[in-house]
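Given next are the chains, with one letter for each unit.
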Amino acid sequence: DDGWEIRLLQALVADWKRLDSSDGLKSETTNTFIFELERMLRQVIERNGDVMIWLRIVAILRHYALSASGGPNILSVLGELWQQANVLIGEMARRVEMTQRVQAEQQAQQLRQLGQKLITSFDIDSILETLVEELPYLGIQGCYLCLYEEPASPTEWAQLVLAYDERGRIQLPEEER
């Protein structure tokens, strides 16, 4: 979102002010930064962004915050805040990795199923029907399949034997080259 950096800094400053005016870390009053960071990380994940880049963002914030902070008490509390942020980023990155792994396994399973269906198909019509039914499950939104009239010279002529898009199979003119 636009303005994410301002919202993150405002959350950090809000926590910092509460920490600076208290005698130590009280987790129920110093979660603004972590909550805002988690919200942003969820948006990054939804958009297939890079969660790990946030380690660098937090490191830069830490650098400037530590150089501007005062007193040993605030330094130790800020250290805990940075640790929480790094743990949160690591956990979110692990979730993304697990989700990607599950998706890859599901896609591999669907690909194996497609292969088994194609192996058991003995005519071109059943092969084409199988492709139309199964390829969308692999994330393939559209497909054109041609048969070369002369495989030794594939640039000469070919016949379009299958065309489909997200609406389904497209009717083809008979014997068009």
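Described below are features of the structure shown in this document.

Rules of the game
- Residues numbered from 1 in each chain as written.
- Predicted model: local features only at pLDDT ≥ 70, side-chain atom pairs only at ≥ 80, totals over all residues.
- Heavy atoms only, no water.
- Helix = DSSP H or I, 4+ residues; strand = E, 2+ residues; numbered from the N terminus.
- Buried < 20%, exposed > 50% of the residue type's maximum accessible area, 1.4 Å probe, protein only.
- Polar contact = N/O pair within 3.5 Å; in protein donor to acceptor, adjacent residues only side chain to side chain.
- Contact = heavy atoms within 4.5 Å.
- Pairing = 2+ DSSP bridges.
- Core = buried A, V, L, I, M, F, W, Y, C linked by side-chain atoms within 4.5 Å.
- Axes fitted to C-alpha atoms, helices over the stretch in contact; angles between N-to-C directions.

1. Points about the side chain of E134
Then step 1. When you line up the elements, E134 lands in helix α5 (residues 124-134).
Then step 2. On the basis of relative accessibility, which here comes to 11%, the residue E134 falls in the buried class.
Then step 3. Here K117 takes part through its side chain, which lies 2.5 Å from a polar atom of the side chain of E134.
Then step 4. Non-local contacts of E134, meaning those with residues more than four positions away in its chain, are made with L114 and K117.

2. Re the pairing of strand β2 (residues 158-165)
Then step 1. Across six bridges, the pairing between strand β1 (residues 143-148) and β2 is antiparallel. Across the sheet, the residue bridging to C146 is L160, located in β2.
Then step 2. Sheet topology places β2 next to strand β3 (residues 168-169); two bridges connect them, and they run antiparallel. Paired with D165 across the two strands is G168, which belongs to β3.
Then step 3. Hairpin connection from β2 to β3: two residues lie between these consecutive antiparallel strands.

3. Regarding α5
Then step 1. Of the positions making up α5, those classed as buried are L128, T130, L131, V132 and E134.
Then step 2. The distance from a side-chain oxygen at the start of α5 to the backbone nitrogen of D125 is 3.1 Å, and the residue carrying that oxygen is D123.

4. Thoughts on the nonpolar core
Then step 1. Judged by nonpolar contacts, the single largest core of 24 residues is most densely connected at F33, L37, L41, V51, W54 and W82.
Then step 2. Here the element with the most residues in this core is helix α4 (residues 72-119); it accounts for nine residues.
Then step 3. Residues L131, L138, C143 and Y164 belong to the second largest nonpolar core, which totals 10 residues.

5. Side note on the sheet that holds β3
Then step 1. Read from one edge of the open sheet, three strands run β1-β2-β3, paired in antiparallel fashion. What marks the edges here is a single partner per strand, and that holds for β1 and β3.
Then step 2. Contacting β1, β2 and β3, α5 crosses the sheet at an angle of about 35 degrees to β2.

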